[in-house]
Amino acid sequence: MPKDIIMKAKQNNFNNIVDSIYNLPLEFKEELKVLLEHNISDDRRKEIAENYKAAIKEQSSGKLKFSSSIAALKKML
């Protein structure tokens, strides 16, 4: 199946979900908001933990470089 068809299907599905949410009673919307906020926080914590582990691995392998010089930092980019 072509990518553009898959993306359109995903977009339509997303739009349907959003429309369904807009039609929920306020109490359900508030509960959904709380659930999403917790889910987003959990995902962010996982992302931070993964970045930390990757940084530790880079540091132990000698790939991580440090500098207080702006010129040196620019060169590293």
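For the structure, see preceding data.
Rules and cut-offs
- Residues numbered from 1 in each chain as written.
- Predicted model: local features only at pLDDT ≥ 70, side-chain atom pairs only at ≥ 80, totals over all residues.
- Heavy atoms only, no water.
- Helix = DSSP H or I, 4+ residues; strand = E, 2+ residues; numbered from the N terminus.
- Rg over C-alpha atoms; globule rule 2.2 N^0.38 Å.
- Areas by Shrake-Rupley, 256 points an atom, 1.4 Å probe, with all protein chains shown as cover.
- Lys, Arg positive; Asp, Glu negative; His and termini not counted.
- Charge placed at Lys NZ, Arg CZ, Asp CG, Glu CD.
- Patch = residues over 30% accessible without salt bridge, like charges linked within 9 Å, V, L, I, M, F, W, Y side chains within 5 Å.
- Salt bridge = Lys/Arg side-chain N within 4 Å of Asp/Glu carboxyl O.
- Buried < 20%, exposed > 50% of the residue type's maximum accessible area, 1.4 Å probe, protein only.

Chemist: Which parts of the structure should I look at to understand the overall build of the protein?
Modeler: Across its full length, the protein holds 3 helices and 0 strands. Seen in sequence order, the protein has helices and strands lined up from the N terminus as α-α-α. Taken over C-alpha atoms, the radius of gyration comes to 21 Å for the protein, far larger than the 11 Å a tight globule of 77 residues would show. C-alpha atoms of the protein, sized along the principal axes, occupy 55 × 35 × 25 Å. Of the roughly 7500 Å² of accessible surface on the protein, a fraction of 59% belongs to carbon and sulfur atoms. Within the protein, the 11 negative side-chain charges are centred at a point lying 14 Å from the centre of the 14 positive side-chain charges.

Chemist: Looking at this model, I keep getting lost on a nonpolar patch on the surface. Mind explaining?
Modeler: On the surface, Met1, Ile5 and Ile6 cluster together to form a nonpolar patch covering roughly 320 Å² of accessible area. Tracing the sequence through the fold places Met1 in the segment before helix H1 (3–22).

Chemist: Before we go on, may I ask you to explain the pattern of salt bridges in this structure?
Modeler: Opposite charge on two side chains permits them to pair, given that their charged atoms come into close proximity. This model, assessed by the stated rule, comprises 3 salt bridges. For Lys33, the salt bridge identified is with Glu37, shortest N-O distance 3.8 Å. With Lys33 and Glu37 both in helix H2 (residues 26–61), this residue pair falls 4 residues apart, about one helical turn. Overall, the relative accessible area of 51% leaves Lys33 in the exposed class. Between Arg45 and Asp42 there is a salt bridge; the shortest N-O distance is 2.5 Å.

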